[in-house]
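Chain residues, written in single-letter form:
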Amino acid sequence: MAYEEKIQSLDGGRILAECGPMRLVIEAGIGKVSQRDLCVRAAREGFALLELIARQREVLSRRYREIPDNLDDFWALKMIRSVVAVDQDLTPMAAVAGTIADGVASF
């Protein structure tokens, strides 16, 4: 199921990015000058990352011991490492929000 991607301008050059269960407020600046265009590009990166994770949902919904060893997606592996560090009974899907936030911030 595809979700509608929405990008809404907020005060101070920030944007609200929404896509299905994802809701991010993104702010970027150079010094005190807000960079709205960069925020929009970061939102699109977040949408792409959400889609990437959604395509791997079947695998990422398993406990990490049940995930194939040949998985080589950077973000999926980050999700696995994150949950293993916290609780080995969690599935990598517990790390979706943090992974998307990290991906947008890294962008």
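Before reading further, recall that the structure is shown in the block above.
Everything quoted here is computed from the prediction, not taken from an experiment.

### As for the environment of Val-25
At step 1: Position of Val-25 among the secondary structure elements: in strand β3 (residues 22–26).
At step 2: Along the sequence, Val-25 and Asp-73 sit 48 residues apart, while their C-alpha atoms lie 26 Å from each other.
At step 3: Not counting residues up to four positions away in its chain, the partners in contact with Val-25 are Leu-10, Arg-14, Ile-15 and Leu-16.

### Points about the pattern of salt bridges
At step 1: Counted according to the given criterion, the structure contains 5 salt bridges.
At step 2: Among the ionic pairs, Glu-51 bridges to Arg-55, the shortest N-O distance being 3.8 Å. You can see Glu-51 and its partner Arg-55 sitting in helix α1 (residues 36–55), 4 residues apart, about one turn around the helix.
At step 3: The class of Glu-51 is partly exposed, set by a relative accessible area of 42%.
At step 4: A residue is classified by how much of its surface remains accessible, and Arg-55, at 58% relative accessible area, is exposed.
At step 5: Taking the shortest distance from any N to any O, the salt bridge between Glu-58 and Arg-62 comes out at 2.7 Å.
At step 6: Judged by its relative accessible area of 54%, Glu-58 is exposed.

### Brief notes about α1
At step 1: End to end, α1 covers 29 Å across 20 residues, agreeing with the expected 28 Å (1.5 Å per residue, within 8%).
At step 2: What α1 keeps buried is the set Cys-39, Val-40, Ala-42, Ala-43, Gly-46, Phe-47, Leu-49, Leu-50 and Ile-53.
At step 3: In this structure, the buried residues of α1 make contact with β1 (5–9), β2 (15–19), β3, α2 (57–60), α3 (74–86) and α4 (96–106).

The rules behind each value
Residues numbered from 1 in each chain as written. Predicted model: local features only at pLDDT ≥ 70, side-chain atom pairs only at ≥ 80, totals over all residues. Heavy atoms only, no water. Helix = DSSP H or I, 4+ residues; strand = E, 2+ residues; numbered from the N terminus. Contact = heavy atoms within 4.5 Å. Salt bridge = Lys/Arg side-chain N within 4 Å of Asp/Glu carboxyl O. Buried < 20%, exposed > 50% of the residue type's maximum accessible area, 1.4 Å probe, protein only. Expected span 1.5 Å × (residues − 1).

Just geometry here; none of it tells us what the structure is for.
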